[in-house]
Amino acid sequence: VEQARMQGRPEPSEEDWRLDDHTAARRALDLLDDVCHPSHLVAAPGLVAGASRRIIEHSCSTFPGMSGSPGVDMQKPWQLLFVHTRADSNFRGNNYGYSVHHPLFVKAYERVVLPRLLATPSELLSSEMLRCLHEYLDANKDQLADPGVLRLVQQRC
């Protein structure tokens, strides 16, 4: 206001300060852009609102570009629950992600992540992490192309 007066512009009216929800949300996102830049690590707390074997509905705060972000239990941050896929476009509803039990996720995990994980030296993996991995593979054994990986993980536990 003071700067407007100094520059000879009229003082903003009360109407100028009122924003519709979409404009307010867009301005808030613009302000947060520096903090939530894709090159920064951001934790967005929230709750799981609903879950099926394929889709997780959650309330984590999300911003454009956060698709693919991991959804974890903060008590066990190494235990992935879902991968964020989309947000409700009106900024009021819940967000959605693919469950780690989704058949496509299990296949990708087995093909890409599991070989690297099994090549990791044992001293870098805690017994709790290996136990969680074994539980995950056991829960999804009907979807594994090679059920023998379950034995490999069991041997490392």
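All values reported here derive from a predicted model rather than from experimental measurement.

Participant: Could you give me a rundown of the nonpolar core, with the residues and numbers involved?
Facilitator: One finds Phe-105, Tyr-109, Leu-114, Leu-133, Tyr-136 and Leu-137 to be the most contacted residues of the largest nonpolar core, which totals 13 residues. Those elements giving two or more residues to this core turn out to be α4 (103-118), α5 (127-139) and α6 (149-156). If you tally residues by element for this core, the top one is α4, at four residues.

Participant: Could you give me a rundown of the sheet that holds strand β2 (residues 55-58), with the residues and numbers involved?
Facilitator: Whether parallel or antiparallel, the strands of a sheet pair through hydrogen bonds between backbone atoms. Strand order in the open sheet formed by five strands is β1-β2-β5-β4-β3, with antiparallel pairing between adjacent strands. Looking along the sheet, the strands with just one partner apiece sit at the ends: β1 (48-51) and β3 (70-73). Strand after strand, the sheet turns through a mean of 40° between neighbouring axes, direction not considered. Direction of pairing for β3 relative to strand β4 (residues 76-86): antiparallel, over a ladder of four bridges. Bridge pairing in β4 places Gly-71 opposite Phe-82.

Participant: Can you tell me about α5, naming the residues and giving the values?
Facilitator: Across its 13 residues, α5 extends 18 Å between first and last C-alpha, which sits within 8% of the 18 Å expected from 1.5 Å per residue. In this fold, the buried residues of α5 make contact with β4, α4 and α6.

Participant: Now, about the packing of aromatic side chains: what can you tell me, with residues and values included?
Facilitator: According to the stated counting rule, one finds two aromatic pairs in the structure shown. Relative to Tyr-109, the ring of Phe-105 lies with its centre 6.2 Å away and its plane at 25°, an arrangement referred to as stacked. With Phe-105 and Tyr-109 both in helix α4 and four residues apart, this pair spans about one turn of that helix. Centre to centre, the rings of Tyr-109 and Tyr-136 are 5.3 Å apart; their planes meet at 75°, and the pair counts as edge-to-face. Placement of Tyr-109 in helix α4 and of Tyr-136 in helix α5 is noted, with a sequence separation of 27 residues between them. As far as the burial class goes, Tyr-109 and Tyr-136 line up, both buried. Grouping aromatic residues by their ring pairs yields a cluster made of Phe-105, Tyr-109 and Tyr-136.

About the cut-offs
- Residues numbered from 1 in each chain as written.
- Predicted model: local features only at pLDDT ≥ 70, side-chain atom pairs only at ≥ 80, totals over all residues.
- Heavy atoms only, no water.
- Core = buried A, V, L, I, M, F, W, Y, C linked by side-chain atoms within 4.5 Å.
- Buried < 20%, exposed > 50% of the residue type's maximum accessible area, 1.4 Å probe, protein only.
- Helix = DSSP H or I, 4+ residues; strand = E, 2+ residues; numbered from the N terminus.
- Pairing = 2+ DSSP bridges.
- Axes fitted to C-alpha atoms, helices over the stretch in contact; angles between N-to-C directions.
- Expected span 1.5 Å × (residues − 1).
- Contact = heavy atoms within 4.5 Å.
- Phe/Tyr/Trp six-rings, centres within 6.5 Å; stacked < 30°, edge-to-face > 60°.

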